Amino acid sequence: MRNPRKFAYTIITTILITLIALLFLFPLVWMIASSLKPEAQIYNNMDNIKAFLPPFHINQWGTAYQSLLARFNILGFIINSLIYAFGVTAGSIIVNSLAGYGFSKFTFKGQKFVFGLLIATLVIPGETIIIQKFQIVKLLGIINTPWAVIFPSIAAPFYIYMFKNFFDAISSDVIESAEMEGAGTFTIYWKIMMPMAKPAMATVGTLSFIGSWNDYIWPLMVLTDSNKFPLQVAITNINSTAPVYMNQVMAILTISTIPLIIVYLFFQRYLVQGLGVAGNGDK
């Protein structure tokens, strides 16, 4: 027989979660619906439910997008964002996994101190070192190049910590068996450890992609050529270029949001699993 108290708790919890979800979805729905409307309809429907509904005439849906693509080089900005995001993602997986593997499976003098120092940097806001990062990029002579956007965003203490926790969970017997078969250090890392750390790879890759795609301040600082701007930086210029149309603003925001939704939907399971393991690691 069903427990009435448990059943009531389930119903109340479901209702509350649904209401919270709707609260967060409303802006997204309004944004997409507004991007499909003619300019006048956005303001005419602000005070009723039609604000969250697209126009009934399907032939109007793509008008704002067509006008936007005609006015600005949107495809070029999207390509720039994808180059930066995939570059940061690939670099983050490789660099942070190597560091995590080293901290997990190798012993060296001062290991605990270095790792503790690494974890301590998690409390330092990124904005406090942005000037120092800019000076380093300038000394390297890579200002206004894709490398200036990609390189400083690759290494991250939290990602190293996450990979270390995954590698700690893998028995050292696996490494010893591989060494007995004649496998080298890098072979063990690449062909044995990395395939076993797919959840960590997916988590770090997803977070790196989202972080790079949403980044605004850093690309704005190191890029001087507007043709090299990622989409997030270009949005500011687009939204300040007269004439400004609200449906086109909503259209560009929708375009910038779609890749993030796709990435999250595909890697949601790995993301939750990876963050769960990171949260349960050794302190």
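For the structure itself, consult the block above.
Quick summary incoming for the structure in this document. (Residues numbered from 1 in each chain as written. Predicted model: local features only at pLDDT ≥ 70, side-chain atom pairs only at ≥ 80, totals over all residues. Heavy atoms only, no water.)

**Some remarks on the overall build of the chain**
A tally of helices and strands in the chain yields 14 helices and zero strands. The helix and strand sequence of the chain, counted from the amino end, reads α-α-α-α-α-α-α-α-α-α-α-α-α-α. Relative to the globule expectation of 19 Å for 283 residues, the C-alpha radius of gyration of the chain, 24 Å, shows a markedly less compact shape. Structurally, the chain occupies a C-alpha span of about 70 × 70 × 35 Å along its principal axes. A buried classification covers 36% of the 283 residues belonging to the chain. Within the chain, residue pairs in contact and separated by at least 24 positions form 77% of the contacts whose partners lie at least 6 positions apart. Mean positive and mean negative side-chain charge positions of the chain (17 and 11 charges, respectively) differ by 7 Å. (Helix = DSSP H or I, 4+ residues; strand = E, 2+ residues; numbered from the N terminus. Rg over C-alpha atoms; globule rule 2.2 N^0.38 Å. Buried < 20%, exposed > 50% of the residue type's maximum accessible area, 1.4 Å probe, protein only. Contact = heavy atoms within 4.5 Å. Lys, Arg positive; Asp, Glu negative; His and termini not counted. Charge placed at Lys NZ, Arg CZ, Asp CG, Glu CD.)

**Let's talk about a nonpolar patch on the surface**
Judged by side-chain polarity, Phe7, Ile11, Ile12, Ile15, Leu16, Leu19, Leu22, Leu25, Phe26 and Val29 come together as a nonpolar surface patch covering roughly 880 Å² of accessible area. Residue position: Ile11 is located in helix α1 (residues 4–35). (Patch = residues over 30% accessible without salt bridge, like charges linked within 9 Å, V, L, I, M, F, W, Y side chains within 5 Å. Areas by Shrake-Rupley, 256 points an atom, 1.4 Å probe, with all protein chains shown as cover. Salt bridge = Lys/Arg side-chain N within 4 Å of Asp/Glu carboxyl O.)

**With respect to the environment of Tyr245**
Mapped onto the fold, Tyr245 is located in the loop between α13 (231–239) and α14 (246–279). Owing to a relative accessible area of 35%, Tyr245 belongs among the partly exposed residues under this scheme. Residues Tyr245 and Leu68, 177 residues apart in the sequence, show an inter-C-alpha distance of 9.5 Å. When residues no more than four places from it in sequence are discounted, the contact partners of Tyr245 are Glu39 and Arg71.

**Structural notes on the packing of aromatic side chains**
Counted by the stated rule, this structure contains 14 aromatic pairs. With a centroid separation of 6.2 Å and 55° between ring planes, the pair formed by Phe158 and Tyr159 is classed as tilted. The class for Phe158 is partly exposed, based on a relative accessible area of 29%. Through a chain of ring-to-ring contacts, the aromatic side chains of Tyr101, Phe106, Phe163, Phe167, Phe186, Tyr189 and Trp190 assemble into a single cluster. (Phe/Tyr/Trp six-rings, centres within 6.5 Å; stacked < 30°, edge-to-face > 60°.)

**Thoughts on empty space enclosed by the protein**
Inspection of every chain in the model, using the stated rule, returns two cavities of 30 Å³ or more. Space inside the largest cavity adds up to approximately 70 Å³. Ser81, Tyr84, Ala85, Val88, Val149, Ser153, Ser212, Trp213, Asp215, Pro219 and Pro230 together form the lining of the largest cavity. Breaking the lining of the largest cavity down by element, the ones donating at least two residues are α4 (74–105) and α11 (198–214). The leading source of residues in the lining of the largest cavity is α4, at four residues. (1 Å grid on protein atoms, 1.4 Å probe; cavity = no way out; pocket = protein on both sides within 12 Å on 5 of 7 lines; lining within 4 Å. Points joined across faces, edges and corners; volume = space filled by probe spheres on them.)

**Observations concerning helix α10 (residues 185–196)**
In this model, α10 (12 residues) spans 16 Å end to end at C-alpha, consistent with the 16 Å of a helix rising 1.5 Å per residue. The secondary structure elements touched by the buried residues of α10 are α4, α8 (157–168), α9 (172–180) and α11. (Expected span 1.5 Å × (residues − 1).)

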